[in-house]
Amino acid sequence: MPTSETLFARAGKRIPGGVNSPVRAFKGMGRAPLFISRARGPYLFDVEGQRYIDYVGSWGPMITGHADPDVLSAVRDRLEDGLSFGTPTAVETDMAELICEIMPSIDMVRMTNSGTEATMSAVRLARGYTGRDKIVKFEGNYHGHVDSLLVKAGSGALTHGEPSSPGVPASLAEHTITLSHNDSDGVRRCFEEMGDEIACIIVEPVAGNMNCIPPEPGFLDTLREVCDQSGAVLIFDEVMTGFRVALGGAQAFYDVTPDLTCLGKIVGAGMPVGAFGGKRDIMAHLSPLGPVYQAGTLAGNPLAMAAGIALLRKIRQPDFHTRLAERVATLCDGLEQRAAAAGVPLITQRAGGMFGVFFTEQSSVSDFETVTQCNVERFRRFFTAMLDHGVYMAPSPFEAGFMSSAHSDEEIAATLEAAEQVFAELE
Ligand SMILES: Cc1ncc(COP(=O)(O)O)c(C=O)c1O
Ligand SMILES: N[C@H](C=O)CCC(=O)O
């Protein structure tokens, strides 16, 4: 039987680093990544038949657990009709109407194949709409592998020590202004100096690619305020937070309305999907209505739309997100209590259905600087020991954790029991 180690060695001969996305490689974790053969509910099963309680959920989409029967049956129902037509389909409009109903800031929406395409297109649209080149992003925020956004980026870029990627021309990166996350005064100073040159601010309203960092009070309102004053477009990158922090995303949770919203992950239920949408007058600049070009051969794919619609309908049940947040609280409070009892300095941070675990003596972690001061080596030991106990956390101290409605009291209790044993021996 092949093991994860043998499969990883084989993959490394033909796939750079053995993976199709760097964060999967477990780089810095001191072991080979798990090769997964199947998943169900809160569990992953690796090629050796080991079962793991999963807090990654395919990096966010699996909010009702893996292999959700309603999602699978929606895909099965469409499968026999064909995989893709390259023509409009009714199901795309069903999806667009559903998104606009759930997120009232969105009047019109365009589907893409990934979150990266959504952010790339939203930034281009903002530039085309305003006629300005400069864009503002925040240190440690990750918006996919878009050239102009791979500047001081989080996620794998941060984990692997390359927050600003080679290959991005300096002449392009110079239009990207990078500010400190959660620093409202810094944002105001920047806009006082050059607000009329800035096309947009793009932000992860809850930063989930440098662990989990909720916005400080007033931060998102400041972004709204400076954009209103300067005419810049406010883009919320809700690829991760959309439908997770609350049904209506972080914009509903924190009650701040962006001009454009980027979506991904849950909107495709695990299929390769992204979307961006927002105010009608901005979206009307998009081709073929307007001059800003954006396209996709497989965008709005019928199977992907069917999967996403099934999931969005399911998570619209009353109290779904309240219950999800309660599960996060049980897990995070339990981890903090057990760490404190074992004398391990640890804090957690949460927003709806996502959370972060930080090995630190600080009382909160609010930006790139404070997150990089956390104890990375202790995280690595915690991660590998939890894996040995059958619990799969994100393989990096700079990634958020994701809860699903399939995680019952039983899985959370098993996770806390494992953590208690791990903390007792953690150096
Ligand atoms: C906030 C955020 N934006 C954009 C992206 C890019 O999405 P994708 O990986 O689907 O291209 C991600 C995840 O990778 C993300 O977490
Ligand atoms: N942090 C990333 C997205 O949220 C992880 C997914 C990836 O890049 O493969």
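Source: prediction; values computed, not measured.

As a packed pair, helix 12 (residues 320-341) and helix 15 (residues 409-425) sit with axes 9 Å apart at the nearest point and diverge in direction by 20°. It follows from the interaxial angle that helix 12 and helix 15 lie roughly parallel. Two packed elements cross with a definite hand, and for helix 12 against helix 15 that hand is right-handed. In this structure, helix 12 contributes Arg327, Thr330, Leu331, Gly334, Leu335, Arg338 and Ala339 to the contact, and helix 15 contributes Ile412, Thr415, Leu416, Ala419, Glu420 and Phe423. Along the lines of polarity and charge, the residues of the contact of helix 12 with helix 15 split into seven nonpolar, three polar and three charged.

So, about the site of ligand 2. With respect to spatial proximity, the complete set of residues near ligand 2 consists of Ser21, Val23, Trp59, Ser155, Asn209, Met240, Lys265 and Glu399. Between an oxygen atom of ligand 2 and a side-chain N or O atom of Ser21, the distance comes to 2.6 Å. Taking Glu399, its side chain carries an N or O atom lying 2.7 Å from a nitrogen atom of ligand 2. Here ligand 2, which alone exposes 280 Å², has 86% of that area covered by the protein. For the shell around ligand 2, the class distribution of residues is three nonpolar, three polar and two charged. Lining the shell around ligand 2 are residues from two domains, each supplying at least three of them: domain 1 (4-67 + 318-425) and domain 2 (69-314).

In the neighbourhood of ligand 1, the contacting residues comprise Ser114, Gly115, Thr116, Tyr142, His143, Gly144, Glu204, Asn209, Asp237, Val239, Met240 and Lys265. Take Asn209: an N or O atom from its side chain is 3.0 Å from an oxygen atom of ligand 1. For ligand 1, whose accessible area on its own is 390 Å², the fraction buried by protein is 81%. For the shell around ligand 1, the residue count by class is three nonpolar, six polar and three charged.

For the rest of this paragraph, the subject is the packing of aromatic side chains. One pass over the full model with this rule turns up 10 aromatic pairs. A centroid spacing of 5.2 Å and a plane angle of 75° characterise the contact between Phe138 and Phe219, whose relative ring orientation is edge-to-face. With Phe138 in strand 5 (residues 134-138) and Phe219 in helix 8 (residues 219-230), the pair connects residues that are 81 residues apart, well separated along the chain. Ring geometry for Phe253 versus Tyr254: centroids 4.9 Å apart, planes at 80°, classification edge-to-face. Note on Phe253: relative accessible area 44%, which makes it partly exposed. Through a chain of ring-to-ring contacts, the aromatic side chains of Phe26, Phe379, Phe383 and Tyr392 assemble into a single cluster. The ring of Phe45 has Arg38 sitting right over it, with the charged end atom 4.0 Å from the ring centre. Here the guanidinium or amino end of Arg51 rests over the ring plane of Tyr43, the centre of that ring lying 3.9 Å away.

With that out of the way, let us pick up the domain arrangement of the chain. Taken domain by domain, the chain comprises domain 1 (4-67 + 318-425) and domain 2 (69-314). Its C-alpha centre places domain 1 at a distance of 25 Å from the equivalent point of domain 2. The interface is formed by 35 residues belonging to domain 1 together with 36 residues belonging to domain 2. For the pair domain 1 and domain 2, the two sides together bury roughly 2,900 Å², of which 64% comes from carbon and sulfur. Joining domain 1 to domain 2, the criterion identifies zero salt bridges. In this structure, the connection of domain 1 to domain 2 is made through 14 residue pairs in polar contact (both at pLDDT 80 or more). Elements that contribute at least two residues to the side of domain 1 that touches domain 2 include exactly helix 12, strand 11 (347-351), strand 12 (354-358) and helix 13 (368-372).

Further remarks concern the UniProt feature "modified residue: N6-(pyridoxal phosphate)lysine" (unreviewed entry) in the chain. UniProt annotation of "modified residue: N6-(pyridoxal phosphate)lysine" (unreviewed entry) refers to Lys265 when read in the numbering used here. Tracing the backbone through its elements, the reader meets Lys265 in the loop between strand 9 (260-263) and strand 10 (274-278). On the basis of relative accessibility, which here comes to 23%, the residue Lys265 falls in the partly exposed class. When near neighbours in sequence (up to four residues on either side) are disregarded, Lys265 contacts Trp59, Gly60, Pro61, Val239, Met240, Gly270 and Val273. At 2.9 Å, the side chain of Lys265 and the backbone oxygen of Trp59 are in polar contact.

Reading across the sheet, the seven strands line up as 4-10-9-8-7-5-6 and stay open at both edges, with mixed pairing between neighbours. One side of each edge strand has no neighbouring strand; the edge strands of this open sheet are strand 4 (108-112) and strand 6 (176-179). Looking at each pair of strands side by side, their axes are set apart by 20° on average, direction ignored.

Among the nonpolar cores identified, the biggest contains 72 residues, and Tyr55, Ile99, Phe243, Leu312, Phe359 and Phe423 are the most heavily contacted of them. The biggest single contributor to this core is helix 11 (residues 302-314), with nine residues. Ignoring sequence-local partners within four residues, the contact set of Tyr55 consists of Leu331, Phe355, Val391, Tyr392, Met393, Gly401, Phe402, Met403, His407, Glu411, Ile412 and Thr415.

With that settled, consider the confidence of the model for the chain. Interpretation of the predicted coordinates at a detailed level should be avoided for regions scoring low in pLDDT. Of all residues in the chain, 100% attain a pLDDT of 70 or more, and the chain-wide mean is 97. In the predicted complex, the global pTM is 0.97; the interface-specific ipTM is 0.99.

So, about the pattern of salt bridges. Enumeration according to the criterion identifies 15 salt bridges in this entry. Salt-bridge contacts for Arg316 lead to Glu101; the nearest nitrogen and oxygen are separated by 3.0 Å. Note that Arg316 is positioned in the loop between helix 11 and helix 12 and Glu101 in helix 3 (residues 90-102), a separation of 215 residues in sequence. Measuring nitrogen to oxygen at the nearest pair gives 3.3 Å for the salt bridge that ties Arg338 to Glu420. Taken together, the positions of Arg338 in helix 12 and Glu420 in helix 15 put the pair 82 residues apart, joining distant regions of the chain. Salt bridges sharing common partners tie together Arg224, Asp228, Asp259 and Lys279.

Conventions adopted
Residues numbered from 1 in each chain as written. Chains lettered and ligands numbered in written order. Predicted model: local features only at pLDDT ≥ 70, side-chain atom pairs only at ≥ 80, totals over all residues. Heavy atoms only, no water. Axes fitted to C-alpha atoms, helices over the stretch in contact; angles between N-to-C directions. Helix = DSSP H or I, 4+ residues; strand = E, 2+ residues; numbered from the N terminus. Parallel < 35°, antiparallel > 145°, perpendicular 65-115°, else oblique. Left-handed = near helix turned anticlockwise from the far one by under 90°. Contact = heavy atoms within 4.5 Å. Nonpolar A, V, L, I, M, F, W, Y, C, P; charged D, E, K, R; others polar. Near = heavy atom within 4 Å. Polar contact = N/O pair within 3.5 Å; in protein donor to acceptor, adjacent residues only side chain to side chain. Areas by Shrake-Rupley, 256 points an atom, 1.4 Å probe, with all protein chains shown as cover. Domains from an automatic or database assignment. Phe/Tyr/Trp six-rings, centres within 6.5 Å; stacked < 30°, edge-to-face > 60°. Buried < 20%, exposed > 50% of the residue type's maximum accessible area, 1.4 Å probe, protein only. Lys NZ or Arg CZ within 6 Å of the ring centre and 35° of its normal. Buried area = accessible area lost by both parts, 1.4 Å probe. Salt bridge = Lys/Arg side-chain N within 4 Å of Asp/Glu carboxyl O. UniProt positions renumbered as here; feature names shortened; annotations may be inferred. Pairing = 2+ DSSP bridges. Core = buried A, V, L, I, M, F, W, Y, C linked by side-chain atoms within 4.5 Å. pLDDT = per-residue confidence, 0-100.

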